[in-house]
Every structure is written in structure tokens, then in C-alpha cells.
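Close look at the chain arrangement
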Amino acid sequence: MSEILNANPTIRSAADLPSRRREPTKKTKTQRPFGLLSSTIPDSAYTPDPFNPSSSPESEGSDNDEEVEPIDEQEIYDLIAPIQDPEHPLTLGSLSVVNLPDITLSSTLPPTSLSNPSRPAITTVTVLVTPTITHCSLATVIGLGVRVRLEQALPPRFRVDVRIKEGTHSTAEQVNRQLGDKERVAAALENGTLMGVLRKMLEGC
Amino acid sequence: MSDVQRYLLRVDEDKDSAQRIAEETAQSLVSKTKSLIDVVQSLGEYINDEDASIRSKAVNYLSQVISALPNTTLSRQQVQVLCQFLCDRIEDGGAIGGLRKLQSLGRFNMEMAIMTFRALIEHFQDLMIRPHAQRLQILELLNDLMLNHRGSLKSLGDGAIVGITDLVSGEKDPRSLMIIFSILQVIMVEWDIAAKAETLFDSAFCYFPITFRPPPDDPYRITAQDLKARLRSCISASSHFAPFAFPQLLEKLDSTSPNVKKDVLQTLTACTTSYNAAAVSNWSITLWDSLKYEILNVQEEDLAEDSLVTLQAIAITLGRDLTSTNQTTHLARFLKPITNECKEELQAPQHKKAKPAGQILSSLASSSSVALLLVVKAIVPPLLTIYQDVDNIASQKALLEVLVQIFNAAVLRDEAPGMVRSSAEAEHPLAPFKDRLFEVFSQALMSSPHEEVTFRVMALKGLLRLCQVRNYLQNSEIGMVVQYLDEIVLTEDPSGREDVKDEAIQALVEISKSKHQVIMDITFPAFMANLPDPPTKDQTDYVVTLEGLARLSVEKSISDTLIRRLLSKLETVLQDDGQASYTQALLSTIDYVLSRRDLPSDTNLSSYHEKIVVTYVCKAALASVGSGPQALVEAATLEILGRLIARIVCALDEHKRRSVAIETFTLFTQEGSPFIPVLYRQDIPEKQRRTMILSMWILASVGQAADALYTVADDIDFDSLLNELTRLALVETAPTIRHYILEQIALLVNRSSTSKGLSDALRAMYNPFEAAQIDATPSIDATPIVFWIAKALLLRLSHTQEVLDHVLGRLSDNSCGPTSARGFGLLLATDEIISKQYGAKLRLLTKQKVFSICAPRIAADFRAAEASVKPNYLIALSGILKDVPTEVTMTEIATLLPLLLQSLDLPDQEVKAATIESLTVISQESPGAVEGHMSSLVNRLLQAASKPRENIARVRFNALRCLQIFPGRVKGSVLLPYGAGVIKGILPVLDDAKRHVRRMAVECRATWTNMDEPDQDA
């Protein structure tokens, strides 16, 4: 790689990145009521009794199974935060290039309309990217990486909109135009070298 | 024909017989039927032949004759003559072998050694162009000379060095190189090389870096690592090499290959460690300038680590035997620019380079006490200033982290072996900053917002380290830290992230290792006082307190006290007829504490037997008939109490265990007490039946001593007990109690020591109702008893065939088939009770045997079965498969795969999920086996993943995971036709209702997408 543009960026440690609070799973709660104190009980004690179906963990989890977990900002963040920066062995999350407050979901069309009641809600996800320095020439590549990742990972009812955060880049307007232009994005993805860089960025996801 | 003629005729076709001819000649020399002169003369015409190959063979003949002679045959004179002769002929080849033999003889003296050596040196140009095998022989000769006649060669001085370096240049063969490096190393270490250092260095360094890669089935077993290590010890052999080694190594550090860089760094470490301080000092700053790039701009994690090690090695060498903290020492002059630069980087503590700067400081500080002092002096005051000036917590955290790393270094210095703090009375390097550091860290821990978890954890680590630095904090200050930690554990809101609490308890445990009195005096009373008495309705925070106490009681004295206090607490709680869950928590704590002690050798064992086993079992029995605290008769309490008493009883001696065994059903109650054993009685209330849980634990824990039970009364023998337990199990309605009765039956059967017992068991399995002497009714299902007895017999491989015939036969039955199918999941499952710990008889080959009988039978019966019972076979198969190791199942894959695929069409979700898991393992272990079924497999998995209405989340998740493992394992050409279908098929799953399913779908889709885009590096 050529000259490194920003050799000493600010980084956040992985433990401080926003994450979904780990909820203690129901199963461990009911099976080991006293946490550590129950650790003396071997796992085999929890083997479900085949003759007593109500004791198996499945039935317990079945009402849980109904619960819907919608796609939210945190989930979008989890999809794009582990993307590698093209010039550092660090993730976009730890470099604060992508930030949780800069991700917004807005539903463009309500889930049902009169003509087609089963049509799903169209949702637009907007991600604002903050380059580490204002003249970063890799901003386009990073934006493209985020875009590709989301297009691969989100269901088709999502519209992806990736832009540079206002006031964080000297040529933000140009970059935004590039990222918003479907033709140009498609053309960029035909480029072998660029795809190589992108694949490397997305490797760790 | 003379021997030599015969030899020359044979040698080209048959080496062995030629060798034998030489040996014969040697024999006749020993037996004096021939003289040495005869032999040499017989060579006459051949050694002067014009053809070089004939000359060479003739000399070779002589060498072989010499080699075959016993060590003492040749006189000193003869050795001398032969040596002279062979040296003259050295360019003819063949002479080397003879010389090697000669030099090993006692009569080979210094002059001859020198003569041989000279001959080698003079002809080095001829010798170097020889093929591998001969060169190797020459090097071995040289190596032998070095071994046996080192003094003679050394006396030749620089001439010898030059000669040897000439001889060893331009080598490629790994075997030869191994010898060369060891010869060179001897010279480098032992000889005076000052004048020829560069020549010698170059002769070794020209092989750096080693890029050798051994051929696949290397007969010599020399690895690149072996070569690297030997070369490294040459390069680092002498301080004279410093002026050549450092610049050339640093030049190679610019290489783009990570392997070469790694080799360079490790070689640098070896050099800086072995060279003397003066030699290293000249280059220390130059080295720092190169290494800092690797560390501060981390590109490869492990190269940065190696660079840190090198840097530390420099500091260790420079600080060796150093006590002066003067600014003019080598060490101080080395550290100064480094600390300055790190200070610069730390001005922006949140930036990328700040963290490596901290690592540099810490690894330098841990190199020696003087280094620690110098680093602390240079860095702690500015760090504290920066800390005051920064305005955000993330920066403060980064700064605390650097300080913690320096504390780590200080603790490491204390622990270093043989470490006596230089000038013992001198104050600790950190002493001047004690109050300030203590204040900063205490405030960070106790006065920052609770959400700042990582910041507080860092502060906590810092305080812990400060407590661990030897002779640093006063006991009162450590007490303060302990109070902070207590406060965090006991009073902070446990909701949200519990990292701080966890760390706090961990820290208390650490402190208790060195300062256990402080924990005894402060933490222990505080925690005990925090235990509620009794707890309010839904108070559960006592669990955290109990956990803390349990973890703290590593020290025996603490844990003794704890058990005493917990028992008296339990007493009070039960007197007030307190909450069952609190009772359970207290019992669990006692169990946990005892689990960490070596009970069989514990002096308190008999008091535990009295105070816990006898007392509480009896209490529970009485409570079951209404005269005692009802908390004890809850099924959950009895299970915990059961485990606790089992732990104690297992540790008792045989005699005591027999005395416990006879109380299995009477439960230590006195005659005439209101409690009457459950056996042989009808219509007993459930509370009393629950005592069977305790009976089970007693029966399990007494092991073979259980036989004592049959001596109590005439009417109890194995057969009657088995029949009675069978009856109880049949009529039992509460699942938990039934489970424990079934466990008792299985224990009895499995541990039975007579063959009559086994056949009784078999009979009970065939007809449980008859054994129980009750009438069979459709409302009672005997399947559980059948399978528990079957399990008990199978685990010891008794009556295996009959048992399996019977249980397999049940599958075709319309009424008991479905339950029986599920029962197969029980047969091989690991059981807590039927285990070695409780004296069960387990055979190693059970799983293989059962599987090898069941798998083909199930497959055959399945084909023959009626449609209505077909699912039973699939469910049974899945039950067996889950416990059989993959290596075993692989043998029957071909038979089973069609069945497994059909299982995917069953509505039963448990079976479906388990089957997909089996298929995943199979595809992982032997992808070839599934190749033929790809089409139906992929389609079914996609169906399973994408139909959320029909499949539970676990099935959907498993299906995706199974799909995901195909690419890369199964041949690309097989998968290719399905690629587009899978990528499209998963699309709707990206919108699944469950987050973890979506996540897996994303990963699965990515793997399939990347499959048809070949890796560009490959």
C-alpha cells in the first residue's frame, strides 16, 4: 500500500463500542438458579427426560419463539462495525468511522396498502460515515464497503443510503454523489482491484 | 585374483558384496595372514591409473579396509603412513572415509590431525565441487577433527579460521549446513576471533535468512526451524559481531515477507541477549529507531510483539548488574529518547499509537529495577499532568491503562526469581507518587458514573496492582481498597453489566492470597452481615453475597469459618420456617465450598457426616410428615440436599458408608417416629413420596456398600426391592419423583453383582406389570421402566442382544411405539447418577456395540415397517446418534443417510433440529459421503430455513449452519449448480423474525457468494 494517509487515528477499545446488552438467557436462569453456586451440578443433570416432554427446554422456549426481534439500529451497526479499515488493521467501529447515533431507520411505506395487503414495509436505512480526517481519499471506498455489506446482508425491502456525515469531509458532496449513483456503484463493483480491496475489508465480518 | 581386483569388479554392481570383500581383507590383516604392505602394494597399478574413477575406487577400497579394522590393529607407525598416504590422495575421493576412521584412533596424534586438516584446506577448491554426499563426508571429517583434535586446529590460529570459512562456503544441503553451523559456532565461542571476526561472521551470515522448506517426506527430518535456530546461535555467538550483525539485520528488517521479519527480530533478540552491554549500547539507539516503527504502526500483531521483546532484551542487557540510576549509564542513555517519544505519543491518549507506547514503557520497565525507576521517574509525573488536563473519560481510561501496565511491571519485578530489591532500604520507585496515584485510582473507581464500566474496571485493576506491589501500600490503605471492593459487590445495583462486580470479587480473591487477614477482618464480616435474616419476599441479592463468600473461601481457615456460620444461619432460617429458595441457596453454598476441598482427608469429615448428613436427612424425613420446616420438603431443596450429602458420603470410609446404607429408606429416623418408610405402602401423600429423592442420593453415594441394605430385614432382597421399586415407579404420578425412583432401579440393576440379579432385571424389563404384581392398565405406561432397565443393562453390556431386540421390537407397536422411539434418546445419554463416581459399571465399548447392532436393524426395519410407525424409527435413530461419537457413525453413513434425509420431513421439531445437527457433523467429517445427496439435502435445508411457520428458530438456525459448511468442504463442482438457488433461497431468511437466525443467514449467504469468486491470492 502507498503512503498511509492518517498514521495515528483516534481509536476506541472494543469493550467500549455500543453493543446489545447481553440478556441472561432464560434457560440458564431457570436451570442454574444460583449461578456459580450451582456450578457443582454436572451438565448431565440437565438432560431432558424423554418421557416427560414438558421438561425439555424446547417447550419452554416455544412461546419465546413467537417473539419477533425487529431489525434495529444496533443490528445495522453490528453488521458494519467489524468492516476493516482499508489502511489500518482496525475496524470501522473502533475508528469511530461508523457510529450508532449516525444510523437511522425510517419506514418509507407502511407495511400494508389497500392494493396489496401483504406487501412488506419498505424501510430506508441511512448511515452517515465519519472519515478519520477531512481529506481522506479512501472515504469513497469506505462508503462503498458499507453499502455493499448492507446490500448483501439486509432483506430486499430495505433501501440503503450511505452518506458522509456533514462537515467531516472536504469533498463530501462529490463523494455522496458517487455513493448515491447506482450506475457508478455498479461500475465500481466491476473493477477487479477495487473489489479486491472491498473483499479484504469485508473479510472479518 | 587379488582382493582389490575382485573389489573393483564388483563395486559398481553390488556395493554390499564389495564391502564384504573389503571386510575379508581386514579379517586377514587381523589374523596376520596378510600384511598391510601387501594390501597397499596390491593397489599399486590402480592408484596410478589414468582413469580418475579407478583411482578413486582403489582408494575407497583401502578406506573400507581400514574402517573394518578393530581400533587397535594398526600400530602408530602404520597410522602415520596411512594418514600420509590418504592425505596425499585426498583429491581422489574415497580417502575421506579412511581418514575419518584413522582420526578416531588413539594413535592418531596432533601432527597427523594438522596434516589432515592442511590437506583438506589445500584442496578445498576440488572438494567444494564434489556431489552432496561426498561434501557431507568431508564436513563430517572436519567436524570429527573439531571434536577430537580441537586443540591442534586451534593452535593454527587465524589460518585455520580462514581455511575453514573457505571450506564451508556455498553450501546448500541442509544436513551439511547443520554441521557447518555447529563447527562455526564452536570457533566463534571458543577461539580468539578478534582479527577475523568479519570473515567468520560473513561465512555464517551469508546463509541468512533461511528460506529452506523441507520436502514432503523428508528423510533427514531437518526443519527450517532447526536451521534457523543454529544459524541464530552463530550470529549471536560473539560480541565481536555487533558492528556487522546489527546493520545487516536491520537492513533485512525492511523485507516485505513477515516470515523474514520475524526471523530478523528473533535473531536481534538473540544477539542483544548474548552480546555484552558495550557492544549493544553502540547500536541501541539505531535499533530503537527501527523497532519503534514496527511497534507504533502495528501492521502485524505478532511482529509488534517480537519487536517489544527485542526492545526489552536490549534493556535487560544494558541493565545487567547495574545499580546506578545515574543519567550517564548505557541504560539511561538508551531509555531517555524512548521515554521522551512515548511521552509525546501519550499526549493524545486516545490515538492509535498511545497504546503501543504504553506497551513499550511497560516492557522496558519490567526489564530491571533500575529501568523501572528510570521509566517511572520519566513518565509518571507527565502522565498525571496529562490525566488532569484531558476532559473525556476515554482518554483518562487510556492513561490509567498505561499506569496499570507500569504497575504490572513493578509487580513482575517483585516476582522475578532471585530478585532482591537493589539497595534494600531505598524506597520504592513508585513511592513518591503513592498518595496521588491512590487518589486518582480511588476516585476513578468510586466517583465516576456507573455506566463507565471499562473505565472503572481499569481503575479497579490499578488499585489491585497497587495492593500487590510488595512493601508499597500500608495495611490500612489496602483495607481501604478492600472496603471499596466490598461496597461495589454488596451495594451496587446489580442490573446491567456486572463486569465491575465480577472484577471486584476476583480482586478480593487475589488480595486474599497475600493478605488473607484483611479479608477475614473486613470483607468476611461485611458479607455475613449482609445476609438477610430472613429475606423479604422477592429479595434475591443474597445470591451475590453468597457467591462472593464462596469464591473468597479459598483459604482453609476462611472456608472452615464460612461453613460453620452458614450452618448456623441455615438453622435460624429453618426455625423461622423461611423461604425455600433461601434455604436452597445456603445449601448450594455449602455444597460449593465443600466441592473445593479434599474431603476424604478432611479432618472435619465426621462432623460434616453428623451435622449435615444425619441431621438434615432426618429433619427432611420428619418435615415430610408435617413435623418440621416445610422448606425442606420442596423437591428442589431435596435435590440440592441430596447432592450435598452424596458429596460427603462418597468421602466416608466403607464402614461408615454401610451404616449410612442401611438408612436408605428409614432416613435416620428413630423407631416409633412419625415417619414411616415409603416402601410397601399404598396411597402415600406426595410430600412423603418426595423423600425417595433423598433415598436415591443415599443409595447412589454408598456405592457397593448398598448391599448392607439386604441385611436389615428378611423381607428385603434384591428381587423384592426391584419389584417394589418397579411398582412405585408405575403408580407414581409426579415426574420428578418418578425420575428418581427410576434412577434407583437403574442403579440397583447396573451395580448388581449376581447373574441372578441380571436375569431378574431382564424379566422385569420384559414384563414390568408382572414384576410389580399389579394389573396392566392402558392408563399406565411402562415404557420408562423398560428403557431405564435397558439402559442399566446396556451400559455394562449385559444381555445386550436380548435387550436391544426387545426395545427395537417396541418401535413397530402402534400404541407404545412413539414413547419408545423417544426412549432411545435415553439409552446412551450420559447420566449424572449412573456414573463411575457412584460405582456404576460402565463398559468402554457400549456406544460402538449398541450402535453397530441398532443402525442396520433400524434401517432394515424402517423399510419393512408400515407407514404409520415409520417415524418411530427415525426418531429412535436420532436419539441414538446424538450420543455416538462421529468416528463410529461414519462406518454406517451410507445406510443411514437416506433415513436422515427422510427425518427432515418429520414434523417433530426436536428430531428435525437434532438430525440437522448430525448431518452437519457428517458433512464436516466426511463431505464425500453427502455429495451424492446434495440435491435433496440442499432443498430440504432451504425449506427448513425459510419456513418460519413450520419450523422453530433452532431448526432454521441449524439448517443455515449446515448449509454454510458445504462451501470449501464439498467439491466446488458438486455445489456449483445449487449456488444461485441457495443465494436466492436465503434472501427471505434475511428478514427472519429472530436476530440470530438472520445473523447466520448473512454469514451463510456470504460463504456461498464468495464460493464462486475464487480467492485472488490462490
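Residues numbered from 1 in each chain as written. Chains lettered and ligands numbered in written order. Predicted model: local features only at pLDDT ≥ 70, side-chain atom pairs only at ≥ 80, totals over all residues. Heavy atoms only, no water.

1. A few points about unusual backbone geometry
- Along the chain, B:Phe208 connects to B:Pro209 via a cis peptide bond; the corresponding omega equals -10°.
- On the secondary structure map, B:Pro209 appears in the loop between helix 13 (197-205) and helix 14 (224-235).
- You will see that A:Ser96, though not glycine, has its phi angle at about 60°, which is positive.
- By the secondary structure assignment, A:Ser96 is in the loop between helix 3 (73-80) and strand 1 (103-109).
- Since its relative accessible area comes to 21%, A:Ser96 is described here as partly exposed.
- A positive phi angle is found at B:His799, which is not glycine, with a value near 50°.
- Note on placement: B:His799 falls in the loop between helix 40 (783-795) and helix 41 (800-810). (Helix = DSSP H or I, 4+ residues; strand = E, 2+ residues; numbered from the N terminus. Buried < 20%, exposed > 50% of the residue type's maximum accessible area, 1.4 Å probe, protein only.)

2. Focus: the pairing of strand 2 (residues 122-129) of chain A
Residue and element names in this part refer to chain A.
- In terms of burial, strand 2 is largely enclosed, as seven of its eight residues are buried.
- Where strand 2 lies against strand 3 (residues 158-164), seven bridges are found, and the strand directions are parallel. When the sheet's bridge partners are listed, Val 125 is paired in strand 3 with Val 160.
- A crossover connection joins strand 2 to the parallel strand 3 through helix 4 (residues 139-153); in handedness this β-α-β unit is right-handed. (Pairing = 2+ DSSP bridges. Right-handed = clockwise from strand over helix to strand, strands pointing away.)

3. A few points about the confidence of the model for chain A
Residues and elements named next belong to chain A.
- Of the residues in chain A, 79% have a pLDDT of 70 or more, and the chain-wide mean is 79.
- Summarising per-element confidence for chain A, the mean pLDDT is lowest in helix 1 (residues 26-31) (46) and highest in helix 3 (93).
- Counted against residues more than four places away or in other chains, residues 24-30, with its pLDDT under 50, gives five contacts.
- In this model, residues 56-63 is a region of pLDDT below 50 whose contacts with residues beyond four sequence positions or in other chains number ten contacts. (pLDDT = per-residue confidence, 0-100. Contact = heavy atoms within 4.5 Å.)

4. A short note on the environment of B:Asn71
All names here are of chain B.
- Its location among the elements puts Asn 71 in the loop between helix 4 (52-68) and helix 5 (76-88).
- On a C-alpha basis, the gap between Asn 71 and Gly 106 in space is 8.1 Å, while along the polypeptide they are 35 residues apart.
- For Asn 71, the contacting residues outside a window of four places in its chain are Lys 101 and Leu 105.
- At 3.0 Å, the side chain of Asn 71 forms a polar contact with the side chain of Lys 101. (Polar contact = N/O pair within 3.5 Å; in protein donor to acceptor, adjacent residues only side chain to side chain.)

5. Looking at the packing of aromatic side chains
All names here are of chain B.
- Counted by the stated rule, this structure contains 14 aromatic pairs over all chains.
- Ring centres of Tyr 7 and Tyr 61 lie 5.0 Å apart, and the angle between their planes is 50°; this geometry places the pair in the tilted category. Within this pair, whereas Tyr 7 is found in helix 1 (residues 3-10), its partner Tyr 61 is found in helix 4, the two being separated by 54 residues in sequence. Across the pair, exposure class does not vary: Tyr 7 and Tyr 61 are buried alike.
- Measuring from ring centre to ring centre gives 6.2 Å for Phe 246 and Trp 283, while their planes differ by 45°; the resulting arrangement is tilted. With Phe 246 in helix 15 (residues 242-252) and Trp 283 in helix 17 (residues 277-296), this pair connects stretches of sequence that are 37 residues apart.
- An aromatic cluster of at least three residues, connected via ring pairs, comprises Phe 201, Phe 205, Phe 208, Phe 241 and Phe 244.
- The residue whose ring lies beneath Arg 175 is Tyr 220, and the NZ or CZ to ring-centre distance is 3.8 Å. (Phe/Tyr/Trp six-rings, centres within 6.5 Å; stacked < 30°, edge-to-face > 60°. Lys NZ or Arg CZ within 6 Å of the ring centre and 35° of its normal.)

6. A look at helix 42 (residues 817-827) of chain B
Residue and element names in this part refer to chain B.
- Across the eleven residues of helix 42, nine count as buried, placing the element largely inside the fold.
- Along helix 42, the residues that are buried comprise Gly 817, Thr 819, Ser 820, Ala 821, Gly 823, Phe 824, Gly 825, Leu 826 and Leu 827.
- Looking at the buried residues of helix 42, the elements they touch are helix 40, helix 41, helix 43 (846-864) and helix 44 (870-881).

7. Notes on the pattern of salt bridges
- According to the stated counting rule, one finds 47 salt bridges over all chains in the structure shown.
- Between B:Asp560 and B:Arg597 there is a salt bridge, with its nearest N and O atoms 2.8 Å apart. Highlighted residues: B:Asp560 in helix 29 (residues 556-575) and B:Arg597 in the loop between helix 30 (580-595) and helix 31 (605-624), separated in sequence by 37 residues. An identical accessibility class is assigned to B:Asp560 and B:Arg597; each is buried.
- What you see here is one network of salt bridges that share partners, running through A:Asp72, A:Glu75, B:Arg995 and B:Arg998. (Salt bridge = Lys/Arg side-chain N within 4 Å of Asp/Glu carboxyl O.)

8. Thoughts on the interface of chain B and chain A
- With 61 residues of chain B in contact, the opposing surface of chain A contributes 53 residues.
- The contact between chain B and chain A buries some 4,800 Å² in all, and 53% of this surface belongs to carbon and sulfur atoms.
- When the area that chain B buries against chain A is broken down by residue, the three leading residues are B:Lys352, B:Lys994 and B:Arg995, summing to 14%.
- Inspection of the region where chain B meets chain A yields four salt bridges.
- Here chain B and chain A share 15 residue pairs in polar contact (both at pLDDT 80 or more) between them. (Buried area = accessible area lost by both parts, 1.4 Å probe.)

9. A look at the packing of helix 28 (residues 542-552) of chain B against helix 30 of chain B
Residue and element names in this part refer to chain B.
- The interhelical angle for the contact between helix 28 and helix 30, taken along N-to-C directions, is 15°, at an axis separation of 10 Å. Here helix 30 runs roughly parallel to helix 28, going by the angle between their axes. Helix-helix and strand crossings are classified by hand; for helix 28 and helix 30 the assignment is right-handed. Within the contact between the two elements, helix 28 uses Tyr 542, Leu 546, Ala 550 and Arg 551 and helix 30 uses Ser 581, Tyr 582, Ala 585, Leu 586, Thr 589, Tyr 592 and Val 593.
- Taken together, the residues that form the contact of helix 28 with helix 30 break down as eight nonpolar, two polar and one charged. (Axes fitted to C-alpha atoms, helices over the stretch in contact; angles between N-to-C directions. Parallel < 35°, antiparallel > 145°, perpendicular 65-115°, else oblique. Left-handed = near helix turned anticlockwise from the far one by under 90°. Nonpolar A, V, L, I, M, F, W, Y, C, P; charged D, E, K, R; others polar.)

10. Some points on the environment of B:Leu728
Residue and element names in this part refer to chain B.
- With respect to the helices and strands, the residue Leu 728 is situated in helix 36 (residues 718-731).
- With relative accessibility at 6%, the residue Leu 728 sits in the buried group.
- Placed 13 residues apart in sequence, Leu 728 and Ile 741 show a C-alpha to C-alpha distance of 7.4 Å.
- Beyond its immediate sequence surroundings of up to four residues, Leu 728 is in contact with Val 678, Leu 679, Met 692 and Ile 741.

11. Points about helix 4 of chain B
Residues and elements named next belong to chain B.
- With 17 residues, helix 4 extends 24 Å from end C-alpha to end C-alpha; this agrees with the ideal 24 Å at 1.5 Å per step.
- For helix 4, the complete set of buried residues consists of Ala 58, Val 59, Tyr 61, Leu 62, Ser 63, Val 65 and Ile 66.
- The distance from a side-chain oxygen at the start of helix 4 to the backbone nitrogen of Ser 53 is 2.9 Å, and the residue carrying that oxygen is Asp 51. (Expected span 1.5 Å × (residues − 1).)

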